[in-house]
Amino acid sequence: MSGNFKMLAKTLFGFEPILAKELRNLGASNVKEGVRNVTFEGDTGFLYKANLSLRTALKVYKPVKEFRISNEKQFYRELFSIDWPSIFDVSQTFAFDTTMNTELFNNSMFVSLKAKDALVDRFRQDVKERPNVDSQNASVRINIHIYENQCTVSLDSSGSSLHQRGYKVETNIAPINEVLAAGLLLQSGWDGLTNLLDPMCGSGTFLIEAAMIACNIPANINREQYAFKNWLDYDEELFLKIVDSSLNKVREFRYKIIGYDKAPSAVRKAQTNVEHANLDEYISIERKDFFRTEKPTEGKLHLVCNPPYGERLNVEMETFYGKIGDTLKQHYPGTDAWMITANLDALKHVGLRPSRKIKTFNGKLESRWVRYEMYEGSKKQKYQNKE
């Protein structure tokens, strides 16, 4: 027997194909894309590796039981039948997270409560004691997913969301989620084979994720805590082997990653985060106003940015986005420029025709990830006519 089992990784809207590719590259088998998730198979070592290395996963779940349900009593019996004392110790805390789309139950709180009763009763039967619930900082988190009459009970192997990489000690008003930044970079085709610039770098998320992709550094190498470390079957020696093996695949990066920001506080925060991620040899950050800059390097430049869009940072949209277009047109030849914005009207003022427009979400805000190809000289000037 191979020791392989089914797992599920959660991701953001539109990143399913990227996550599936990441999983295949890591060595997962039976990879299948779902909606905001990808299922796959692997062994315990792969569960550790997935948490450590996946850039576009928010959580990795290990299903422990799948069953059909018709009523509340049957649901209780199925939950009671799981050998909970073999999974975690009675001295540890636990919590259930329930998501459902079913007519069998009216509310997810009720389902979580029933599940808690079953788990506690099983502990009382087997070890004569019960573990406590901690909804905020549970040692062990258990996910219940009910769709119509199909129920899946899974262990949350990650704990806090995997976007919490462990390197970000300073943030700004509108930071971009690390998983979103990594996914957008991968969608843009970033492979570490050119120079990269983020001219409005904020706390430096794009820069750090770009450097980690370029150097093939595991996404969560700076993170200390994973929920699987609290399971009774946790194998510390195996986990450390996975870490060593992943670090052996790190590669050298020969180009520059540059960040600008107008605000001194943002520059300071970004520098602190870069140092915390141990990436200061690859990333340089300067205080500069993008609208007063020129392309800082020779050859092809990959530019990414998350400009203000009026939701949390107040700018005059029409003028601001017009200046982005003018700066790119006049001072950034030979640049592949990518920009995310939730202000879809503002895009009309850039004055350039995007060669790609990808729907995405920044938090709950529907956004666009757009690409502007700035050619060298006057080549194909027609593509850069104002719309």
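This text follows the structure it describes.
Residues numbered from 1 in each chain as written. Predicted model: local features only at pLDDT ≥ 70, side-chain atom pairs only at ≥ 80, totals over all residues. Heavy atoms only, no water.

Q: Residue-level account of the packing of aromatic side chains, with values.
A: All chains considered together, the criterion is met by 27 aromatic pairs. Between Tyr48 and Phe239, the ring centres sit 6.0 Å apart and the planes meet at 80 degrees, which makes this aromatic pair edge-to-face. Highlighted residues: Tyr48 in helix α2 (residues 44-53) and Phe239 in helix α7 (residues 236-247), separated in sequence by 191 residues. Across the pair, exposure class does not vary: Tyr48 and Phe239 are buried alike. Each ring, one from Phe94 and one from Phe96, has its centre 5.9 Å from the other, and the planes form 85 degrees; the classification is edge-to-face. Through a chain of ring-to-ring contacts, three or more aromatic side chains come together here, namely Tyr48, Tyr226, Phe228, Tyr234 and Phe239. Here the guanidinium or amino end of Arg36 rests over the ring plane of Phe361, the centre of that ring lying 5.6 Å away. Across from the ring centre of Phe80, 6.0 Å away, lies the NZ or CZ of Arg122, which sits over that ring. (Phe/Tyr/Trp six-rings, centres within 6.5 Å; stacked < 30°, edge-to-face > 60°. Helix = DSSP H or I, 4+ residues; strand = E, 2+ residues; numbered from the N terminus. Buried < 20%, exposed > 50% of the residue type's maximum accessible area, 1.4 Å probe, protein only. Lys NZ or Arg CZ within 6 Å of the ring centre and 35° of its normal.)

Q: Break down unusual backbone geometry for me, citing the residues and quoting the values.
A: The phi dihedral of Arg36 falls on the positive side, at around 60 degrees, and the residue is not glycine. Here Arg36 lies in the loop between β2 (29-33) and β3 (37-42). Unlike most non-glycine residues, Asn278 shows phi in positive territory, near 60 degrees. Along the polypeptide, Asn278 turns up in the loop between α8 (264-276) and β10 (283-287).

Q: Before we move on, can you summarise the side chain of Asn37 with the specific residues and values?
A: Relative to the assigned elements, Asn37 resides in strand β3. The class of Asn37 is buried, set by a relative accessible area of 18%. A polar contact is formed between the side chain of Asn37 and the backbone oxygen of Val35, at a distance of 3.0 Å. Those residues in contact with Asn37 that lie beyond four places of it in its chain are Leu8, Ala9, Lys10, Thr11, Glu16 and Lys32. (Polar contact = N/O pair within 3.5 Å; in protein donor to acceptor, adjacent residues only side chain to side chain. Contact = heavy atoms within 4.5 Å.)

Q: Account for the environment of Asn278, with residues named and values stated.
A: The exposed category is assigned to Asn278, whose relative accessible area is 56%. C-alpha of Asn278 to C-alpha of Val38: the two residues are 240 residues apart in sequence and 31 Å apart in space.

Q: Please give an account of α7 that cites residues and values.
A: Relative to the 16 Å expected for 12 residues at 1.5 Å per residue, α7 spans 17 Å between its end C-alpha atoms, a close match to the ideal helical length. Residues of α7 that are buried: Phe239, Ile242, Val243 and Ser246. Axial view of α7: buried residues confined to an arc of 100 degrees, hence all on one face. Relative to its buried face, α7 has exposed residues pointing more than 90 degrees away, namely Glu237 and Lys241. For α7, the elements touching its buried residues are α2. The N-capping residue of α7, defined by a side-chain oxygen 3.2 Å from the backbone nitrogen of Glu237, is Asp235. (Expected span 1.5 Å × (residues − 1). Arc of directions from axis to C-beta.)

Q: Outline the pattern of salt bridges, supporting the account with residue identities and numerical values.
A: Working definition: two side chains of opposite charge can pair if their charged atoms are close together. Under the definition given, this model contains 18 salt bridges. Here Asp83 ties to Arg122 by a salt bridge, and the two come within 3.8 Å at their closest N and O atoms. Residue Asp83 is located in the loop between α3 (72-80) and β5 (94-101), and its partner Arg122 is located in helix α4 (residues 108-127); the two are separated by 39 residues in the primary sequence. Taking relative accessible area as the criterion, Asp83 reaches 36% and is therefore assigned partly exposed. The residue Glu376 makes a salt bridge to Lys295 at a minimum N-O spacing of 3.8 Å. A residue pair is termed long-range when its members are at least 10 positions apart, and Glu376 in the segment after β14 (365-374) and Lys295 in the loop between β10 and β11 (301-305) qualify at 81 residues. Because the salt bridges share partners, they merge into one network encompassing Asp83, Arg122 and Asp126. (Salt bridge = Lys/Arg side-chain N within 4 Å of Asp/Glu carboxyl O.)

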